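Geometric and topological summary
Listed here are the chains, written in short residue letters.
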Amino acid sequence: MINYALRRLLVAVPMLLGAMSIVFFAMRILPGDPCMAMMGDQATSGALADCSRNLGLNRPLAVQYVDYLWKSVRFDFGSSFRQGYPVSEYIGRMFPHTLVLVLASAVVAALVGIPIGIVSALKRRSPLVDYPLRIFALLGLSMPVFWLGILLLIVFSLRLDLFPLIGGGDLDGALAMLRSGEAFLYPRDFLAAVGDVLWHLALPALALGFTLAATVSRLSRSAMLEVISQDYIRTARSKGQSERAVVYKHALRNMMVPLLTIIGLFVAVALTGTVLTETVFTRPGLGKMLVDAIGARDYPLAQGAITVFTMIIIAVNLVVDLLYAVVDPRITYR
Amino acid sequence: MLRIVVAILVLVSTLIPHPADAQRRKILNIAAKEPDTLDPHSSTLGQSQAIARFMFRGLTRFAIKDGKVTTAEVEPDLAESWTLSPEGTIWTFKLRKGVQFHKGFGELTAEDVKFSFERQIKKAPGTRYGVNLDVIKSIEVVDPHTVQIALKSYDAIFLLRMVGYQQGYIVSKKAMEKMGDGFKWNPVGTGPFYFERHSPREKIVLKAFDKFPTGRPQIDEVHWFDVPEDATKLIGLEKGTFDLLYPEVVTCDFDDQVRKMGAVMDRRGPGSQERFYLDMTHKPFDDIRVRKAFMHAIDRNAIKETLYCRDLARVATSVVPAGYFGHVPMKFPEYNPELAKKLLAEAGYPNGFTIKPYFISKSFFYPKVLTLAQEQLKKVGINLELQVVEHAAYHDNIRKNLNPFVLYGGTRITDADPWLSLFFESTEIPDPATGNKGTNFAHYKGIDDLLAAGRVERDTKKRAAIYHEVQKRLERDLVCLPLQDVPSQWARNPKRVSTPFDPNYGEYSLHYSYNYPELLKILN
């Protein structure tokens with residue numbers, strides 16, 4: 001398995017290089033000059049020339065490209081054109097916000113989507129169970145996250161005043177307390193910071209989680225339908241096992257392989273979903289940062305963010321591939 | 001399962017921060033976009049200039065006259081007095097004593113003034129306004145509280161350049177030298193609020209400065225939230241999350257919602273002027289009859305009323321906006337589509353013409369104004385096939401002369417000279433061949449002589465007369481159609497925050513913000 005993992009990691013290198021090159025050239029093909037984007041209608045000819053020189057944009061493209069790759073190898077993604085922060089530091093501050101959102105929405109999606117998918121498959125074509133659940137899934141699929149997000153904000157934030165309107169909560173504070181060990185010295189303060197994060201997280205996680213739950217439920221329904229049509233399920237039933245035992249002992253375990261594939265896909269979909277969710281809920285995070293960076297032609301920040309997104313997707317797929325062997329002993333790696 | 005969910009909800013509800021603490025401190029919550037830097041010399045974005053005014057001051061400031069803030073006159077701020085040498089090229093400023101920089105960086109001295117201007121003149125990386133100080137020949141520190149600035153030639157608007165705005169802000173030399181690039185996000189000035197912290201993509205926290213010369217502000221903290229969407233800002237104002245909104249664009253709908261929730265719009269002149277430049281070197285606008293036809297085809301009142309109903313804007317009366325020195329009302333061809341068609345036919349375009357593609361920014365007022373103009377132009381046979389692009393691409397394209405007429409908006413120092421120089425002097429004609437990215441989109445060369453004369457004229461009346469003549473020539477040559485003067489507008493919850501100035505043009509300002517944020521008060 002270690003050899004397999006190493007081989008996969010080696011394959012990941014050209015993939016990453018390809019993604020980085022595509023984003024490098026795509027950003028430069030896009031019309032719009034970074035200096036112009038920064039200065040807008042107050043740009044003067046002299047200021048634009050100074051800006052271009054200071055950012056190194058007056059160098060030949062090939063020189064910029066080699067410089068970018070060489071620095072990236074050393075994990076130096078440069079500094080944000082717009083705000084001046086080192087890109088790695090900036091991404092380091094944004095990443096936890098996106099991570100908690102993806103994890104929380106994964107929990108919502110799994111808690112809602114998987115049971116719905118399983119029940120829907122087990123009660124296939126039941127007008128009272130399957131059809132309403134499939135309609136529910138269709139609703140989730142056709143409801144864009146930004147629309148659901150605004151709806152949740154209006155009801156739960158504006159009208160009922162139960163949740164905050166914007167922000168990501170005191171995640172920086174909670175992480176700082178963990179790093180310094182203060183979390184154990186002042187547990188009440190730490191819990192307050194965690195509570196603040198959860199309070200801010202509830203609506204975005206619901207919005208993103210619900211729309212993802214629809215996809216998860218449809219995929220788990222198909223996975224379950226495939227499993228329950230297998231011979232061993234029929235055998236288990238013919239042996240007189242209860243339906244509960246058939247589902248939990250035989251079907252669910254065998255559903256894990258397709259389910260893991262779903263999780264791999266889920267991460268990519270969820271990362272895309274964070275872009276809109278973070279914008280609607282005005283939360284800090286990688287998604288919103290990436291959109292802003294592209295709009296502002298902030299090359300280093302956009303390049304850094306896409307590199308991180310690519311690395312996450314490669315890593316998750318690798319982990320998923322490795323987990324196949326854990327859930328299904330018949331799978332071996334060579 | 002249900003028990004677990006209930007237990008989590010109970011735990012979370014006990015941990016939700018209690019608002020009592022926030023209520024004890026007087027916190028002003030502002031919803032705006034996130035600034036790109038807090039170095040006041042390094043950004044041209046509205047939100048960055050707006051927040052700079054909370055932290056920085058200049059040698060002079062816009063004067064308060066009869067309870068109103070005017071951009072026509074200045075009064076002492078960090079400088080307590082000044083003199084001008086008889087030949088008009090040496091300014092000597094006496095600094096106010098005892099003015100302190102934030103965070104213990106000591107007293108303001110002439111060295112800080114010299115440093116603040118020289119870093120811009122020398123075009124330190126990131127600085128944007130050195131061009132506004134090009135008139136300076138040298139700066140000399142006479143003593144810790146006296147600074148002498150020698151100019152290359154007489155400059156009628158030098159005191160306006162020294163206003164706490166863009167290039168005029170004074171930064172701490174010690175802090176800048178200590179922090180280097182870090183100054184961008186750890187600024188040190190002498191303003192009423194000092195920088196406390198920045199959570200990127202979330203908020204910036206400023207705190208009241210105890211040693212501010214005119215006393216500590218009543219507000220303890222300013223929380224500047226990064227909220228890009230105007231819809232979210234409005235929900236926040238209604239909910240009470242925000243006290244002040246800095247909108248991206250104020251439309252009738254926005255104003256209606258603000259009124260409905262009992263909030264007010266604070267309008268500050270002169271604001272920004274939105275206008276069309278007609279490229280007189282680009283066919284078919286090289287023919288003055290076509291330019292005239294274009295102007296006859298545009299119903300400025302309709303555009304203004306549709307976009308900025310009631311008093312959200314004023315129909316522009318000159319290419320030099322009202323409130324700028326040198327302004328005089330001009331006459332423009334009135335709306336008359338029939339006459340427009342006739343002129344087009346005379347110019348050889350009986351069936352009109354098509355501009356394809358016509359690039360327009362997807363941001364701010366640009367798409368809104370342009371789609372209205374598109375409909376009006378269509379009626380006389382001028383068809384635009386619009387291609388909506390991102391704002392940066394739009395700015396790029398118009399400097400490559402890809403649009404034969406250009407929609408543009410902006411604010412500058414409130415004097416005809418810098419304004420006209422940027423938009424009508426021949427040195428500002430954009431040219432991709434030479435890399436000139438200037439803003440003379442009309443490619444006009446007709447007033448260079450008058451601009452040169454205006455710069456050396458010391459008599460105020462004669463100067464004004466020169467700029468009146470400029471406006472006459474522009475009226476004759478029909479190269480620019482100003483549409484509307486749109487004030488800088490913020491929405492305010494009047495039950496939470498008060499300002500001493502009349503919301504309706506009680507202030508003239510260039511900061512995209514309140515001139516005197518230290519005078520804002522939290523009411524409950």
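Residues numbered from 1 in each chain as written. Chains lettered and ligands numbered in written order. Predicted model: local features only at pLDDT ≥ 70, side-chain atom pairs only at ≥ 80, totals over all residues.

1. Regarding the overall build of chain B
Of regular secondary structure, chain B possesses 16 helices and 20 strands. Scaling as 2.2 N^0.38, a compact globule of 524 residues should have a C-alpha radius of gyration of about 24 Å, and chain B matches this with 25 Å. Expressed along its principal axes, the backbone C-alpha trace of chain B runs to roughly 80 × 75 × 45 Å. A sequence separation of at least 24 residues applies to 69% of the contacts in chain B between residues at least 6 apart. (Helix = DSSP H or I, 4+ residues; strand = E, 2+ residues; numbered from the N terminus. Rg over C-alpha atoms; globule rule 2.2 N^0.38 Å. Contact = placed C-beta atoms within 7 Å.)

2. Some remarks on the overall build of chain A
When helices and strands are tallied, chain A shows 14 helices and 0 strands. Each principal axis of the C-alpha atoms in chain A carries an extent, and together these give about 85 × 55 × 45 Å. Counting all 334 residues of chain A, 43% fall into the buried class. For chain A, contacts bridging at least 24 residues in sequence account for 74% of all contacts bridging at least 6. (Buried ≥ 20, exposed ≤ 12 C-beta atoms within 10 Å, placed from the backbone.)

3. What about the nonpolar core?
Judged by nonpolar contacts, the single largest core of 230 residues is most densely connected at Ala305(A) and Ile30(B). Each residue touching Ala305(A), except ones within four places of it in the same chain, is listed here: Ile91(A), Leu286(A), Met289(A), Leu290(A) and Ala293(A). (Core = buried A, V, L, I, M, F, W, Y, C linked by C-beta atoms within 7 Å.)

4. Points about the packing of helix H1 (residues 2–29) of chain A against helix H14 (residues 299–327) of chain A
Residues and elements named next belong to chain A. Viewed as axis vectors pointing N to C, H1 and H14 meet at an angle of 155 degrees, and their least axial separation amounts to 10 Å. Our classification of the angle between H1 and H14 gives roughly antiparallel. Pair H1 / H14 crosses with right-handed handedness. For the pair H1 and H14, contact is made by Ala5, Arg8, Ala12, Met15, Leu16, Ala19, Met20, Val23, Phe24 and Met27 and by Tyr299, Ala302, Gln303, Ile306, Thr307, Thr310, Met311, Ile314, Leu318, Asp321 and Leu322, respectively. Tallied by class, residues from the contact of H1 with H14 come to 16 nonpolar, 3 polar and 2 charged. (Axes fitted to C-alpha atoms, helices over the stretch in contact; angles between N-to-C directions. Parallel < 35°, antiparallel > 145°, perpendicular 65-115°, else oblique. Left-handed = near helix turned anticlockwise from the far one by under 90°. Nonpolar A, V, L, I, M, F, W, Y, C, P; charged D, E, K, R; others polar.)

5. Here's the deal with the interface of chain B and chain A
The figure often quoted for interface size is the accessible area lost as the parts come together. In this complex, chain B contributes 41 residues to the contact, which on the side of chain A involves 46 residues. Put simply, the parts of the chain that give the side of chain B that touches chain A at least two residues each are helix H1 (2–15), helix H7 (230–239), helix H13 (391–399) and strand E16 (405–410) of chain B. Looking at the side of chain B that touches chain A, the element that brings in the most residues is H13(B), giving 6 residues. Of the residues assigned to the side of chain B that touches chain A, the class counts are 15 nonpolar, 14 polar and 12 charged.

6. Section: the packing of helix H14 (residues 416–424) of chain B against helix H15 (residues 448–456) of chain B
Residues and elements named next belong to chain B. Two numbers describe how H14 lies on H15: the axes approach to 11 Å, and their chain directions differ by 155 degrees. On the basis of their axis angle, the class for H14 and H15 is roughly antiparallel. H15 is crossed by H14, and the crossing has left-handed handedness. Residues Asp417, Leu420 and Ser421 of H14 form the contact with H15, whose own contacting residues are Leu451, Gly454 and Arg455.

7. Things to note about the environment of Arg476(B)
Mapping Arg476(B) onto the fold places it in helix H16 (residues 460–477). Placed 144 residues apart in sequence, Arg476(B) and Phe332(B) show a C-alpha to C-alpha distance of 9.3 Å.

8. Section: helix H12 (residues 243–280) of chain A
All names here are of chain A. The terminal C-alpha atoms of H12, which comprises 38 residues, lie only 43 Å apart, well short of the 56 Å expected from a rise of 1.5 Å per residue. Approximately 45 degrees is the largest bend angle found in H12, and it occurs at Val257, with the proline Pro258 only one to four residues beyond. Just past H12, the residue Thr282 takes up positive phi, approximately 50 degrees. (Expected span 1.5 Å × (residues − 1). Bend = angle between axes of the 7 residues up to and from the residue.)

9. Some remarks on the pairing of strand E4 (residues 79–84) of chain B
Residues and elements named next belong to chain B. Pairing analysis gives 5 bridges linking E4 to strand E5 (residues 90–95), with the strands arranged antiparallel. Its bridge partner being in E5, Ala79 is matched across the sheet by Leu95. Between the antiparallel neighbours E4 and E5 lie 5 residues, among them Gly88 with a positive phi of about 85 degrees. (Pairing = 2+ DSSP bridges.)

10. With respect to unusual backbone geometry
Excluding glycine, most residues fall at negative phi; most peptide bonds, likewise, are trans. All names here are of chain B. Along the chain, Lys283 connects to Pro284 via a cis peptide bond; the corresponding omega equals 0 degrees. Residue position: Pro284 is located in the loop between strand E12 (264–278) and helix H9 (288–297). At Asn401, a position not held by glycine, the phi torsion is positive, near 60 degrees. In this fold, Asn401 is placed in the loop between H13 and E16. A count of 17 C-beta atoms within 10 Å places Asn401 in the partly exposed class.

11. Description of the sheet that holds strand E7 (residues 146–151) of chain B
All names here are of chain B. Spatially, the 4 strands line up as an open sheet ordered E4-E5-E7-E6, and their pairing is antiparallel. Whereas interior strands pair on both sides, the edge strands pair on one side only; in this sheet they are E4 and strand E6 (136–143). For this sheet, the mean inter-axis angle between neighbouring strands, taken without regard to orientation, is 20 degrees. Sheet topology places E6 next to E7; 6 bridges connect them, and they run antiparallel. Pairing of Asp143 across the sheet is with Thr146, part of E7. Running at roughly 165 degrees to E6, helix H4 (residues 110–121) makes contact with E5, E6 and E7 of the sheet.

12. What to know about the environment of Pro247(B)
Residue and element names in this part refer to chain B. Along the chain, Pro247 falls in the loop between strand E11 (244–245) and helix H8 (252–260). Sequence spacing of Pro247 and Ala293 is 46 residues, and the spatial spacing of their C-alpha atoms is 35 Å. Residue contacts for Pro247: discarding those within four places in its chain leaves Asp230, Lys233, Phe254, Gln489 and Ala491.

13. A word on the environment of Ser238(A)
Residue position: Ser238(A) is located in helix H11 (residues 231–238). Separated by 11 residues in the primary sequence, Ser238(A) and Lys249(A) have C-alpha atoms spaced 15 Å apart.

14. Details of the confidence of the model for chain B
Model confidence for chain B is summarised by a mean pLDDT of 93, while 96% of its residues fall at 70 or above. Scored as a complex, the prediction yields pTM 0.84 and ipTM 0.77. (pLDDT = per-residue confidence, 0-100.)

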